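Architecture and fold: a report
Residues per chain, in single letters:
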Amino acid sequence: MVDMPLVTVEDLGVEFVGPEATVHAVNGVSFTLTKGEVLGILGESGSGKSVTLRALMRLLPRKKTHLAGRVEIAGRNVMALGEHGLSDLRGPIVAMIFQEPMTALDPVFTIGQQIVEAIVRHEDVSPAEARRRALELLELVQIPSAKRRLDTFPHQLSGGLRQRAMIAIALACRPQLLLADEPTTALDATVQIQVLLLLRSLQQELGMAMIFVTHDLGVAVEVSHKLAVMYAGRIVESGSVVDVVKRPRHPYTEGLLGSTVHEVPKGARLTPITGSPPNLAALPPGCSFAPRCRYAEARCTGEFPPAVTLGSHLGYDHVARCINSRRVGQPETATS
Amino acid sequence: MNAPEAQRITLKFDALTPAPGAMEVPVGAMLPRTYWHTVGVRLARDPYTAACALILLAIAGAAVLAPWLGLPDPAATNAAQRLLPVGSSGHLLGTDELGRDMLSRLIHGGRLSLTMGVLPVAVALAIGGTLGLVAGFIGGRTNMLVMRLTDVLYAFPSILLAVAIAGSLGAGVGNALLAITIVFIPPITRVTESVTTQVRAMDFVEAARASGAGAFRIIRTHILGNVMGPVFVYATVLVSVSILISAGLSFIGLGASPPTAEWGLMLNTLRESIFLAPLNAVLPGFMIFITSMCFNLISDGLRSAMDVRL
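Residues numbered from 1 in each chain as written. Chains lettered and ligands numbered in written order. Predicted model: local features only at pLDDT ≥ 70, side-chain atom pairs only at ≥ 80, totals over all residues. Heavy atoms only, no water.

1. Some remarks on the overall build of chain A
Counting its secondary structure elements, chain A contains 10 helices and 12 strands. Over its C-alpha atoms chain A spans a radius of gyration of 21 Å, differing by no more than 12% from the 20 Å that the globule rule assigns to 336 residues. In chain A, 65% of the contacts between residues at least 6 apart in sequence involve partners at least 24 apart. Of the roughly 13,800 Å² that chain A leaves accessible, carbon and sulfur atoms contribute 53%. Within chain A, the 33 negative side-chain charges are centred at a point lying 2 Å from the centre of the 34 positive side-chain charges. (Helix = DSSP H or I, 4+ residues; strand = E, 2+ residues; numbered from the N terminus. Rg over C-alpha atoms; globule rule 2.2 N^0.38 Å. Contact = heavy atoms within 4.5 Å. Areas by Shrake-Rupley, 256 points an atom, 1.4 Å probe, with all protein chains shown as cover. Lys, Arg positive; Asp, Glu negative; His and termini not counted. Charge placed at Lys NZ, Arg CZ, Asp CG, Glu CD.)

Pasting the structure below:
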């Protein structure tokens with residue numbers, strides 16, 4: 001990893017200030033990403049995955065959100081950008097693919113119009129040239145009969161094609177960083193794989209960095225180089241895909257792996273994680289996973305465990321935030 | 001850079017990647033080019049809407065061309081020919097209580113009545129629509145301020161409010177127009193605001209922000225594009241209400257004044273003759289009924305034609 005990082009996130013914090021309570025959605029997330037790298041962020045609902053993505057683009061409602069920490073993308077200090085700086089950032093540098101292809105496309109404009117709009121917004125090109133580029137993009141995302149699809153409305157396309165169209169819009173200005181917020185969750189299984197493979201090949205072809213947020217372990221493994229597991233707004237474990245999936249060192253990751261249909265013999269029961277995620281408006285002191293953790297002991301509730309580097313694989317440090325990380329995943333304690 | 005494990009899984013699924021051009025399927029031969037083209041095609045195929053549009057076009061066309069149609073002077077009285085029945089020679093639809101030709105008066109009356117129907121709505125649409133868009137998009141305190149102010153006007157029944165405003169400004173067509181416009185601003189603001197608030201929360205607005213669109217651009221394309229349909233449909237309903245209110249204002253003497261030909265006013269003056277010549281007395285009312293019903297049905301047709309998802 002000799003390249004300068006494209007994305008540097010340091011101690012990112014997001015709080016939503018409401019009339020009744022302040023919700024601590026993200027509590028000190030740090031990571032770096034270089035050009036051409038794919039980071040998979042794994043976590044259950046409410047773990048702060050999507051909020052982290054939106055914070056990177058500063059898409060969260062300004063008045064109700066408190067942001068903390070440092071975000072630098074392509075040499076720009078995102079936290080300090082004004083409305084204009086953000087407009088220049090969104091599109092040509094960072095673009096985002098949303099979860100719901102049904103609602104993330106404007107129903108009253110054709111696919112072509114929406115791609116053209118995204119291009120014209122940032123680049124000084126003629127309408128004919130923009131349309132030609134739109135057609136190229138539809139072909140790039142492998143939409144069949146691209147020429148005719150250009151003039152169709154979102155509701156005339158299937159879910160998979162809509163998601164492809166959305167990817168085309170996101171790629172319209174050749175972003176350096178693509179954020180994908182559960183882009184395959186709303187699709188059915190076979191279409192999921194097609195879209196996933198498309199995203200991976202596009203990422204490699206265009207040399208983009210990508211942050212892929214999902215709660216689906218299989219999906220994360222398929223596209224990512226490195227993984228970060230989030231729990232209650234913190235990254236509890238990160239490392240190369242192999243390290244995290246094969247040698248989990250945080251009890252939460254271990255529990256997550258134990259509760260998915262992943263290399264489990266047929267007929268074997270899955271092991272769910274007991275309990276439920278903590279209330280983000282009133283986080284327990286110390287490790288937020290402690291109340292559900294089977295390794296928990298008294299000192300877990302003191303303060304949040306520091307990051308422990310446990311090794312390195314393919315150039316990615318394997319880091320876990322657990323004081324018992326050496327005990328987790330060892331043969332005598334491992335599940336199944 | 002891929003982990004070897006991941007690489008292995010890959011090969012298994014590569015067969016599922018569609019080859020370029022492999023799924024070349026013909027997409028319907030008659031793909032509409034634009035949104036408004038779709039709406040147009042759908043409207044033309046809807047028999048009720050098409051019929052109503054034709055009737056309205058005929059009434060409006062006749063009203064506009066009235067002076068050149070060779071009709072008798074709508075203001076020329078003839079004491080000898082008062083209240084001739086419908087179908088009399090020379091007076092196809094009879095005459096009124098002063099012997100004026102009914103057909104001529106109904107057609108000339110359409111000029112004022114239709115103007116009173118469309119103009120206040122158009123002006124109120126411009127003002128209320130802008131207010132609603134701004135309030136809905138900005139939200140927060142701006143929204144509170146605008147919406148509570150419109151609520152003050154909204155608290156009065158529309159006819160009463162129109163009567164009160166027209167009454168305090170004095171009788172006359174101009175004041176009646178102004179009064180009806182003021183009456184229509186609150187409901188249009190409210191409808192626009194509620195649709196805007198809904199659209200603003202949609203994912204595609206966030207997606208537009210994520211691709212770098214500024215607030216003005218989002219309002220102009222995504223918000224306006226999605227709000228225009230429902231608000232426009234609502235406005236067509238208001239046209240018929242506007243015709244009714246203006247007829248009502250004229251009827252109680254706050255709108256057009258005699259001898260001007262206007263449907264509401266004609267209804268008022270013919271009221272005393274309802275037992276002598278019932279058919280004649282009912283005709284202006286019939287015109288109001290037909291016109292406002294046509295506008296209502298057209299707005300229904302527009303509603304279904306403009307929803308692209310149907």
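Right, picking up where we left off after that structure.
2. A word on the sheet that holds strand β11 (residues 308-313) of chain A
All names here are of chain A. If you walk across this open sheet you meet the 8 strands as β6-β7-β8-β3-β9-β10-β12-β11, and the pairing is mixed. In the strand order of this sheet, the two ends are held by β6 (94-97) and β11, each with one partner. Strand-to-strand twist across the sheet, computed as the mean angle between neighbouring axes with direction ignored, equals 20 degrees. In this structure, β6 lies alongside strand β7 (residues 177-181), joined through 4 bridges in parallel fashion. Opposite Ala-95, over in β7, you have Leu-178 as the bridge partner. Sheet strands touched by helix α1 (residues 49-57): β3 (38-42), β6, β7, β8 (209-214) and β9 (226-231). Its angle to β7, the strand with the most contacts, is close to 150 degrees. (Pairing = 2+ DSSP bridges. Axes fitted to C-alpha atoms, helices over the stretch in contact; angles between N-to-C directions.)

3. Things to note about the pattern of salt bridges
Residue and element names in this part refer to chain A. Scanning the entire structure with this criterion turns up 21 salt bridges over all chains. The residue Glu-222 makes a salt bridge to Arg-200 at a minimum N-O spacing of 3.5 Å. Here Glu-222 is found in helix α8 (residues 217-223), whereas its partner Arg-200 is found in helix α7 (residues 189-206), with 22 residues between them in sequence. Arg-200 gets classed as buried once you look at its relative accessible area, which sits at 7%. Here the residues in one salt-bridge network are Glu-10, Arg-70 and Glu-72, joined through shared partners. (Salt bridge = Lys/Arg side-chain N within 4 Å of Asp/Glu carboxyl O. Buried < 20%, exposed > 50% of the residue type's maximum accessible area, 1.4 Å probe, protein only.)

4. A look at the packing of aromatic side chains
Residue and element names in this part refer to chain A. With the rule as written, the count across this model stands at 3 aromatic pairs over all chains. Relative to Tyr-252, the ring of Tyr-231 has its centre 4.5 Å away and its plane inclined at 50 degrees; by these criteria the two rings are tilted. Placement of Tyr-231 in strand β9 and of Tyr-252 in helix α10 (residues 251-258) is noted, with a sequence separation of 21 residues between them. One exposure class covers both Tyr-231 and Tyr-252, and it is buried. Between Tyr-252 and Phe-289 the ring centres are 5.3 Å apart and the planes differ by 70 degrees, which places this aromatic pair in the edge-to-face class. Of the two residues, Tyr-252 is situated in helix α10 and Phe-289 in the loop between α10 and β11; the sequence distance between them amounts to 37 residues. Each member of the pair, Tyr-252 together with Phe-289, is buried. (Phe/Tyr/Trp six-rings, centres within 6.5 Å; stacked < 30°, edge-to-face > 60°.)

5. As for a nonpolar patch on the surface
A grouping of Ile-274, Phe-275, Val-282, Phe-286, Phe-289, Met-293 and Leu-297 of chain B is seen on the molecular surface, where their side chains present a nonpolar patch of about 690 Å² in accessible area. The class of Ile-274 of chain B is partly exposed, set by a relative accessible area of 37%. (Patch = residues over 30% accessible without salt bridge, like charges linked within 9 Å, V, L, I, M, F, W, Y side chains within 5 Å.)

6. Describing the packing of helix α3 (residues 47-65) of chain B against helix α4 (residues 102-138) of chain B
All names here are of chain B. In the contact formed by α3 and α4, the axes pass within 7 Å of each other and the chain directions differ by 105 degrees. If you check the angle between α3 and α4, you find them roughly perpendicular. Residue-level inspection shows Ile-59, Ala-60, Ala-62, Ala-63 and Val-64 of α3 in contact with α4, the latter providing Ile-107, Gly-110, Arg-111 and Leu-114. Here the contact of α3 with α4 is composed, by residue class, of 7 nonpolar, 1 polar and 1 charged. (Parallel < 35°, antiparallel > 145°, perpendicular 65-115°, else oblique. Nonpolar A, V, L, I, M, F, W, Y, C, P; charged D, E, K, R; others polar.)

7. Observations concerning the pairing of β3 of chain A
Residues and elements named next belong to chain A. Within β3, 5 of the 5 residues are buried, which leaves the element mostly enclosed by the surrounding structure. On β3, burial covers both faces: Val-38, Gly-40 and Leu-42 on one face and Leu-39 and Ile-41 on the other are all buried. Sheet topology note: the β3/β8 ladder contains 5 bridges and is parallel. Bridge pairing in β8 places Leu-39 opposite Ile-211. Looking at chain direction, β3 and β9 are connected through 4 bridges and run parallel. Looking at the pairing, Ile-41 lines up with Ala-228 of β9.

8. Things to note about a positive patch on the surface
The grouping of Lys-63 and Lys-64 of chain A together with Arg-141 and Arg-200 of chain B at the surface amounts to a positive patch. Within the element layout of this structure, Arg-141 of chain B appears in helix α5 (residues 140-154).

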